[in-house]
Amino acid sequence: MRLVVIGSSPAWPNARSAHSGYVVESDGRRLLLDCGPGVLGRLREREAWPTVEAIAITHFHLDHWGDLVPWVWGSFYRRGQGDERPELWVYRGGRAFLEELGARLGFPDMFERTFDVAEYDAETPFRAAGLEVLPVRLPHYRLETYGFRVTNGTTTLAYTGDTGPSERIAELARDADLFVCEATLETGEADGEPRGHLSADEALEAHAASGAHSLLLTHRPSELPAPEGVMLAYDGMELDIVPNRLATG
Ligand SMILES: [Zn+2]
């Protein structure tokens, strides 16, 4: 399994960086986790138009889905130059939300015309791009939000999307080979109530509780330092994820 960090910015962009977007590759098939502003352009640095098989969205904050809108316009105007229709996985109820957005931004069915929209249920695995994806509900202010646990049967990656502190994070990342964890804050006290993000220390605590083998911090403002000895995601980063530990450990 391979991870390609397409965009690693927090809710505002770091310089020369896109918002959230992570490609998981396995057996030549590719799944995009989140699609924030800047991600589509970055994907187009790699191929004329993205040929990812599926996209899965953690939640509807703009920095995690915004580039689905220009993706629609590109699909319309580039007609015939690549008619791929990626699956677009959103949580149950997300299809209606996309229709509502479509009615305001273009056409009610603009997303349905471009993507094969599918809905996932909390804590219920679905298959996308040949991978099994388990959506785990996480706390993120008052917005419905999920983290994804992605496995190809031998290797497992866990991705928080955005989350406040919760014991569920350790469940999401339990014994994973790579844990991609957000670390937006300088300190937990800097957050709102209810909580919606993690400090680097809180991300480290969640990682320790999970037993995951490796940790990759992301969604980190460039204004804040990363703790020493911890990998920090950057746009264009590519990691081969090798199983280092049996999941049953
Ligand atoms: Zn968010």
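On a predicted model such as this, the values are computed, not experimentally measured, just so you know.

Chemist: In this structure, what is going on with the packing of aromatic side chains? I would like to understand it.
Modeler: Counted under the stated rule, the structure contains 15 aromatic pairs. For the pair Phe60 and Trp65, a centre-to-centre distance of 6.2 Å together with 70° between the ring planes defines the contact as edge-to-face. Across the pair, Trp65 and Phe60 agree in class, each one buried. Between the aromatic rings of Tyr120 and Phe148, the centroid separation amounts to 5.5 Å while the plane-to-plane angle is 80°, which identifies the pairing as edge-to-face. With a gap of 28 residues between them, Tyr120 in strand β6 (residues 116–120) and Phe148 in strand β9 (residues 146–151) connect regions that are remote in the sequence. In terms of burial, Tyr120 and Phe148 fall into one category: buried. Every member of this aromatic cluster is reached through a ring pair, and the members are Phe60, Trp65, Trp89, Tyr91, Phe97, Tyr120, Phe126, Tyr146 and Phe148.

Chemist: What is the right way to read the pairing of strand β5 (residues 87–91) from this model?
Modeler: If a strand is regular, its side chains alternate between the two faces of the sheet. Of all 5 residues making up β5, 4 are buried, and the element is well covered by its neighbours. With 5 bridges connecting them, β5 and β6 associate as parallel partners. When the sheet's bridge partners are listed, Leu88 is paired in β6 with Val117.

Chemist: Is there a simple way to explain the sheet that holds strand β11 (residues 178–182) in this structure?
Modeler: Whenever strands of a sheet pair, they do so through backbone hydrogen bonds, lying parallel or antiparallel. The strand order across the open sheet built from 7 strands is β7-β8-β9-β10-β11-β12-β13, with neighbouring strands paired in mixed fashion. Edge positions in the sheet fall to β7 (126–128) and β13 (231–232), since each of these pairs with one other strand and no more. Pairing analysis gives 6 bridges linking strand β8 (residues 131–137) to β9, with the strands arranged antiparallel. Within β9, the residue paired with Val136 across the bridge is Gly147.

Chemist: How should the coordination of the zinc ion be read in this particular structure?
Modeler: The expected angle between donors at a tetrahedral four-coordinate metal is 109.5 degrees. At an octahedral six-coordinate metal it is 90 or 180 degrees. The coordination sphere of the zinc ion contains the protein donors His59 (NE2), His61 (ND1), His140 (NE2) and Asp162 (OD), at a distance range of 2.1 to 2.3 Å. Between the donor residues of the zinc ion, the gaps in sequence give the motif H-x1-H-x78-H-x21-D. Here His61, found in the loop between β4 (54–56) and α2 (62–65), pairs with Asp162, found in the loop between β10 (156–159) and α6 (167–172); they are 101 residues apart in sequence, far enough to count as distant. Judged by its relative accessible area of 28%, His61 falls in the partly exposed class.

What counts and what doesn't
Residues numbered from 1 in each chain as written. Predicted model: local features only at pLDDT ≥ 70, side-chain atom pairs only at ≥ 80, totals over all residues. Heavy atoms only, no water. Phe/Tyr/Trp six-rings, centres within 6.5 Å; stacked < 30°, edge-to-face > 60°. Buried < 20%, exposed > 50% of the residue type's maximum accessible area, 1.4 Å probe, protein only. Helix = DSSP H or I, 4+ residues; strand = E, 2+ residues; numbered from the N terminus. Pairing = 2+ DSSP bridges. Donors = N, O, S within 2.8 Å, 3.2 Å for Na, K, Ca; no water.

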